[in-house]
Structure formats: structure tokens, C-alpha cells
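# Fold and geometry: a report
The primary structure of each chain is shown beneath.
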Amino acid sequence: CRTRLGHMESFGGVLFPAGLHTQESLRLALNVPFQETDVLVVSYPKSGTTWMQEILTLILSRGDPHLSHTVPNWARAPWLEHHYFAELQEAALKQPRVFTTHLPVHLLGPALQEPPGSRVKIIYVSRNPKDVAVSFYHFHQLATFLPEFRTFPEFLHHFLEGTLCYGSWFDHVKGWTSVRRAPGALLHVAYEQMSLDLRGTIQKVSSYLQRPLAEDEMNSCVKHCSFSSMKENKMVNYSLVAKELMDHSKGSFMRKGKVGDWKTMFTEEQDEYFKSIFESKMENCALDFVWEE
Ligand code: A3P
């Protein structure tokens, strides 16, 4: 399948955008020399990754927005699989180092099984898959490193088949949420939790990281992690990304930031079809999703 910047390439049975990740960068990602103090944000695309990166930056800076306003999110919490990862890793990352990945567990899991990888604090971020699909569809219009889909039905078909970049949403979520890790080495956070109770979620993440916040520090985190603040912050709204990678005339990264936006896009028929696939693929999966506000 051709993309505007090149093509998708398969690695370990999963498709990746060749404009962002090379076979070499993907191989390197599986062998990152983790330190036990590292924090790793893991998600399927469009699940609230950037939001969690911002929450972590603010918690670790005790609410001081300086870093969040001066360094782009991809340099503060670099993606393991990106071709520029090695460069960013060499640039002095603050301790604890924060990394991000969309890699599925069958690829990255082995590197996280033995110390020091097994001690890395993982934060898995999920979102209800109908909103993920709608957000990802819009992102495909903007991101020229991804294939172009003319219609939402065509895109939805690929989403449900797992033939998009980063693979199947179902496999990603089931894989990462069923991984066995020591207590305190994996926290699962849902986008909808962040949306419903941002303060409570920041509290939960700060306790997980053992970084308690004073009330004024917490207030500052909440303020700078709101949708309106992040939409205005050039260091996190992706407006600094070169036109060759994102066509900013096609929409904005900080699009709507809502729970239940799928309702504006799905027909009744698509909803029924989605439900039937969801039920069969998520059978025996105890996860609960919030589908609307
Ligand atoms: P929408 O396209 O539905 O607006 P990711 O970072 O994983 O790519 O996810 C991007 C999605 O998270 C986008 O969803 C974006 O608007 C949303 N998002 C980012 N920051 C947010 C915030 N502070 N509040 C609510 N949604 C946010």
C-alpha cells in the first residue's frame, strides 16, 4: 500500500510507516538498554499518548511548565521505534527517563521481562476503540506518513481487520493488559478516566511514580494538561512538525478531545457491525470500556 511519503513495511508481522520507522530503528527498539528507573508510556495510536506524556512531564517537574513549554513532547518522551531515537537518547534526558512506544507486546515484551527491563514502570493508556478509530481516521488525513483513506467505511474495515500501521487494536490492548509484571510495574490508565477526572488521574499516576505533589503543584499540572492548554502549546500540539510529515491544512492534532465522538461518524449499521466484531474478538477479556460521556 503506497503512502504519500513512501510505504508501509512489515516488521514482526505488523505494519509500520516506513517514513517514520526503518527496519533498523525497529530492530534497535527491541534492544533498548533500559534502566530500572525508566518510565514507559505504551499505547495504541490515538489513545491519549500525548496527554500522558504531558501529565508525566508535569508530574516529574512538580507542576513547573518550563520543560513542557520549551521542549517538544517527542524529545522529552521519545518513541523507542522512531528513526531519530538514538540521537534523542544521546541528548541528556532527565532522570527518570520517559519513553513512549506503540509497539505491540509480542515485539517489545521480551525486552521487559528480565531486569532491568522488568523494573521499568509501564503506563498503558487505552481508549474506547470507536473513538480511537474516528481519531485515527482523521489523523490519517493529516499525517502524510500514513496511507490515505478516502472514506471512513474503508478505513473502519482496515481498523477491524488490523491492517493499519501498528497492527490490530484488539491484539495491542489484549496483549499489553494481560502481561504479567511485578506489582508496581504496570499501571493501566484509560483516556476516559483522564477525561472524567483529570486531577484524580494525575494523583493516581503521581502515586504510582512515588512522586507526591503539593496542592499548588497539582493545580498547575491540571491546568497545563487541560485540552485547551495543550491545544495552544506548540511543544505538544504538533504544529512544529514539518509539513512533509503533517499537512496542517488538513486538520489539527488536538482535534476534539472528547469521549463519544464516534457517534458523529458511525452509522447504525457500522455500529452493529463493530459490536459484533468487538464481542467476538474481546470474548474472555474482562476490560470495561466507557463509550460515551
Ligand atoms: P481526538 O482526535 O479524538 O481529538 P494520541 O496522543 O495517542 O495520538 O491521541 C490523540 C488524541 O488525544 C486526540 O483525540 C487528541 O485530541 C486527544 N488529546 C490530547 N490531549 C488531550 C487533552 N488534554 N484532553 C483531551 N483529549 C486530548
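Residues numbered from 1 in each chain as written. Predicted model: local features only at pLDDT ≥ 70, side-chain atom pairs only at ≥ 80, totals over all residues. Heavy atoms only, no water.

The final tally for this structure, using the stated rule, is 12 salt bridges. Asp38 is the partner of Arg97 in a salt bridge, and the nearest nitrogen-oxygen pair spans 2.7 Å. Here Asp38 lies in the loop between helix H1 (23-29) and strand S4 (39-43) and Arg97 lies in the loop between helix H5 (85-90) and strand S5 (98-101), a separation of 59 residues in the sequence. Via salt bridges that share partners, Lys130, Asp271, Glu272 and Lys275 belong to a single interconnected network. (Salt bridge = Lys/Arg side-chain N within 4 Å of Asp/Glu carboxyl O. Helix = DSSP H or I, 4+ residues; strand = E, 2+ residues; numbered from the N terminus.)

All buried positions along helix H9 (residues 169-177) are accounted for by Trp169, Phe170, His172, Val173, Gly175 and Trp176. Capping the start of H9, Ser168 holds a side-chain oxygen 3.1 Å from the backbone nitrogen of Phe170, two or three residues further along. (Buried < 20%, exposed > 50% of the residue type's maximum accessible area, 1.4 Å probe, protein only. Polar contact = N/O pair within 3.5 Å; in protein donor to acceptor, adjacent residues only side chain to side chain.)

So, about the nonpolar core. Counting 93 residues, the largest nonpolar core has Leu40, Met52, Phe159 and Trp169 as its most contacted members. Among the elements that line this core, the one with the most residues is helix H7 (residues 129-142), at 7 residues. Residue contacts for Trp169: discarding those within four places in its chain leaves Tyr44, Arg127, Pro129, Val132, Phe159, Phe278, Met282 and Phe289. (Core = buried A, V, L, I, M, F, W, Y, C linked by side-chain atoms within 4.5 Å. Contact = heavy atoms within 4.5 Å.)

This next bit is on the sheet that holds strand S6 (residues 121-126). The pairing of strands in a sheet happens through backbone hydrogen bonds and is either parallel or antiparallel. As summarised here, the arrangement of the 4 strands in space is S5-S4-S6-S7, forming an open sheet in which the pairing is parallel. Lying at the two open borders of the sheet, with one neighbouring strand each, are S5 and strand S7 (186-190). Each strand axis lies, on average, 20 degrees off the axis of its neighbour in the sheet, ignoring direction. The pairing of S4 with S6 spans 5 bridges and is parallel. Bridging from a neighbouring strand, Val41 pairs with Ile123 of S6. In the packing of helix H2 (residues 49-60) onto the sheet, contacts are made with S4, S5, S6 and S7, and the angle to S4 comes to roughly 160 degrees. Along the sheet, H9 makes contact with S4, S6 and S7, crossing S6 at roughly 145 degrees. (Pairing = 2+ DSSP bridges. Axes fitted to C-alpha atoms, helices over the stretch in contact; angles between N-to-C directions.)

Here we take up the side chain of Thr57. Along the chain, Thr57 turns up in helix H2. Setting aside chain neighbours within four positions, we find Thr57 in contact with Leu67, Ser68 and Arg76.

This next bit is on the environment of Glu87. Following the sequence through the fold, Glu87 ends up in helix H5. Placed 144 residues apart in sequence, Glu87 and Lys231 show a C-alpha to C-alpha distance of 27 Å.

Remark: the empty space left among the atoms is shown by a probe the size of a water molecule rolled over them. There is about 830 Å³ of room inside the largest pocket. Lining the largest pocket are 42 residues; nearest its centre among them are Lys46, Thr50, Phe139, Tyr238 and Phe253. If you list the elements that add at least two residues to the lining of the largest pocket, you get H2, H7, helix H10 (191-196) and helix H13 (227-232). For the lining of the largest pocket, the class distribution of residues is 25 nonpolar, 11 polar and 6 charged. There is about 350 Å³ of room inside the second largest pocket. When contributions to the lining of the second largest pocket are tallied by element, the ones reaching two or more residues are H2, helix H3 (66-70) and helix H4 (73-76). In terms of residues, the lining of the second largest pocket owes the most to one element, H2, which gives 4 residues. Residue classes in the lining of the second largest pocket are distributed as 12 nonpolar, 5 polar and 5 charged. (1 Å grid on protein atoms, 1.4 Å probe; cavity = no way out; pocket = protein on both sides within 12 Å on 5 of 7 lines; lining within 4 Å. Points joined across faces, edges and corners; volume = space filled by probe spheres on them. Nonpolar A, V, L, I, M, F, W, Y, C, P; charged D, E, K, R; others polar.)

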